[in-house]
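The lines below spell out each chain.
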Amino acid sequence: MKGVLDGVRVVELGQVLAGPFAGAIFADLGADVIKVEKPDGGDDARRMGPDFRHGDALNFHEFNRGKKSVTLDLKSPEGVEALHGLLAGADIMLHNLRPGAADALGIGAQAVTARHPHLIYCEMSAFGHIGPERLRPGYEPLLQAFGGLSSITGEPDGPPVRMGASVVDQGTGLWTVLGALAMLERRHRTGQGGVVNTSLFETALLWAGQKISAYVNMGKLPERHASGHPNLTPYEAFDAADGPVLVCCGNDRLFAKFAAELGHVEWASDERFSTNRARLKHKPLLLPMIAALMRITPRAEWLERLARIGVPCAPVNNIPEVLAEPQTQALGMVQPVPGEDFSLVAMPLSFNGERPRMAGPAPRLGAHNKEILGGG
């Protein structure tokens, strides 16, 4: 089956993560993605980590599968002109070059869209396309810190913590794809391309949106809750005898079932615990009592008992444990890379029940020069 974006051509000038991740989404969805790299070493991500395959780091393979690689010296007029040749037949261009670099090379949004009015030009930056910080570069942990995400992550009395996943970089890639597809739909009606601006900072602000809204509208400063929730309790992880279990009592009915399973049916009628608002008020009293009861019994038994009565729960899995879950295996999210001896995590969506397959492996540097550029 052809991909849903079969016939769409994307030219990616991507480095490291946010740009290449957007390109990988397009490639997995069936678009023809041409990755333009500098001749000397290519994308820096090729060397961000030990040699995994073919001299390139694992992260490079992760975010560049299914693409074609060409090398162009964009500091030369010939390289820029060759890029314009690619853009003439492309639908979408995306880049996350250092702020100001595209304009300095003569391939900024205004210059490119003037020459290629059909093109959807996607520009990804660290801090945004306007404002006093617009020319600042940035990376994932920096933007998690600057955007407030680190301040709301971690233990209540601990230091701010970086989230374990690259939610800002990959989130920016997702918003870029969404914006490009929205502009592509408009172009079908108008024939006109345009510019999509995204940034890591804007993505971070959105992910922190609930905390920002609470402060803007109610003056409420956010607190860190570890695995817990600011507005529901009990709604967090508790240590069983042999590992943590996350319990989510999202309403008073679920709490009554949970309390009964803990052997304290009376808690459901106790004015300190009978409603969620009361439980939030008496959280320092309630949670230690629950924790003391939970740690007596093995995790598997708690999971079976709570599932039986309909109380949402889950093991706090490590990576090997989540890979061993039957649900993980049933979804087929981990796919072998065509032509390679390793597997990667696929896109988390399906069309008519079928998950998009990876089109191919990550390309060697300049592997498609002859095919696409006609050169050596």
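Computed from a predicted model, the values in this text were never measured in an experiment.

Peer 1: Explain the overall build of the protein chain to me, please; I cannot follow it from the model alone.
Peer 2: The helix and strand inventory of the protein chain stands at 16 helices and 11 strands. In terms of its C-alpha atoms, the protein chain occupies a principal-axis envelope of roughly 80 × 50 × 45 Å. Expressed as a percentage of its 376 residues, the buried residues of the protein chain come to 44%. Counting only contacts in the protein chain whose residues sit at least 6 apart along the sequence, the fraction spanning at least 24 positions is 65%. Summed over all atoms, the accessible surface of the protein chain reaches about 18,900 Å², with 57% contributed by carbon and sulfur.

Peer 1: Please clarify how the packing of aromatic side chains should be interpreted in this entry.
Peer 2: Counted by the stated rule, this structure contains 7 aromatic pairs. Between the aromatic rings of Phe146 and Phe201, the centroid separation amounts to 5.1 Å while the plane-to-plane angle is 70 degrees, which identifies the pairing as edge-to-face. One end of the pair, Phe146, is in helix H6 (residues 140-146); the other, Phe201, is in helix H8 (residues 200-207), with 55 residues separating them in the sequence. With relative accessibility at 41%, the residue Phe146 sits in the partly exposed group. A ring pair is formed by Trp175 and Trp207, whose centres lie 6.3 Å apart and whose planes are at 40 degrees; its orientation type is tilted.

Peer 1: Looking at this model, I keep getting lost on the packing of helix H1 (residues 18-28) against helix H7 (residues 167-190). Mind explaining?
Peer 2: When two helices pack together, their arrangement is given by the angle between their axes and by how far apart the axes lie. At a closest axis distance of 8 Å, the pairing of H1 and H7 adopts a crossing angle of 50 degrees. Classified by the interaxial angle, the pair formed by H1 and H7 is oblique. Of the two possible hands of crossing, H1 and H7 adopt the one that is right-handed. Along its contact with H1, which presents Ala18, Phe21, Ala22, Ile25 and Phe26, the element H7 presents Asp169, Gln170, Gly173, Leu174, Thr176, Val177, Ala180 and Leu181. Grouping the amino acids of the contact of H1 with H7 by side-chain chemistry returns 9 nonpolar, 3 polar and 1 charged.

Peer 1: So what exactly am I meant to see when it comes to H1 here?
Peer 2: Burial analysis of H1 places 11 of its 11 residues in the buried class, the great majority of the element. Every buried residue of H1 is listed here: Ala18, Gly19, Pro20, Phe21, Ala22, Gly23, Ala24, Ile25, Phe26, Ala27 and Asp28. Where H1 terminates, the next one or two residues include Gly30, which has phi positive at roughly 105 degrees.

Peer 1: Would you take a moment to explain the sheet that holds strand E8 (residues 244-248) for this structure?
Peer 2: In space, the 3 strands of this open sheet follow the order E7-E8-E9, with antiparallel pairing throughout. At either end of the open sheet lies a strand with only one pairing partner, and these are strand E7 (235-239) and strand E9 (313-315). On average, each strand axis in the sheet is inclined to that of its neighbour by 20 degrees, with strand direction left out of account. Pairing of E8 with E9, which is carried by 3 bridges, proceeds in the antiparallel orientation.

Peer 1: Explain the layout of surface pockets to me, please; I cannot follow it from the model alone.
Peer 2: Taken as a whole, the largest pocket encloses approximately 970 Å³ of empty space. What lines the largest pocket is a set of 36 residues, and nearest its centre among them are Gln15, Asp44, Asn96, Leu97 and Arg98. Broken down by secondary-structure element, the contributors of at least two residues to the lining of the largest pocket are strand E2 (32-37), helix H2 (58-64), helix H4 (101-105), strand E5 (120-125) and H6. In terms of residue class, the lining of the largest pocket is built from 21 nonpolar, 7 polar and 8 charged.

Peer 1: Can you walk me through the pattern of salt bridges in this structure?
Peer 2: A side chain with one charge can pair with a side chain of the opposite charge if their charged atoms come near. Across all of its chains, the model carries 24 salt bridges by this definition. Here Arg53 ties to Asp341 by a salt bridge, and the two come within 2.8 Å at their closest N and O atoms. Of this pair, Arg53 sits in the loop between E2 and H2 while Asp341 is found in the loop between strand E10 (334-336) and strand E11 (343-345), placing the two residues 288 residues apart along the sequence. What makes Arg53 partly exposed here is its relative accessible area of 24%. Asp341 gets classed as exposed once you look at its relative accessible area, which sits at 57%. The partner of Glu81 in a salt bridge is Arg115, and the shortest N-O contact between them spans 2.5 Å.

Calculation rules
- Residues numbered from 1 in each chain as written.
- Predicted model: local features only at pLDDT ≥ 70, side-chain atom pairs only at ≥ 80, totals over all residues.
- Heavy atoms only, no water.
- Helix = DSSP H or I, 4+ residues; strand = E, 2+ residues; numbered from the N terminus.
- Buried < 20%, exposed > 50% of the residue type's maximum accessible area, 1.4 Å probe, protein only.
- Contact = heavy atoms within 4.5 Å.
- Areas by Shrake-Rupley, 256 points an atom, 1.4 Å probe, with all protein chains shown as cover.
- Phe/Tyr/Trp six-rings, centres within 6.5 Å; stacked < 30°, edge-to-face > 60°.
- Axes fitted to C-alpha atoms, helices over the stretch in contact; angles between N-to-C directions.
- Parallel < 35°, antiparallel > 145°, perpendicular 65-115°, else oblique.
- Left-handed = near helix turned anticlockwise from the far one by under 90°.
- Nonpolar A, V, L, I, M, F, W, Y, C, P; charged D, E, K, R; others polar.
- Pairing = 2+ DSSP bridges.
- 1 Å grid on protein atoms, 1.4 Å probe; cavity = no way out; pocket = protein on both sides within 12 Å on 5 of 7 lines; lining within 4 Å.
- Points joined across faces, edges and corners; volume = space filled by probe spheres on them.
- Salt bridge = Lys/Arg side-chain N within 4 Å of Asp/Glu carboxyl O.

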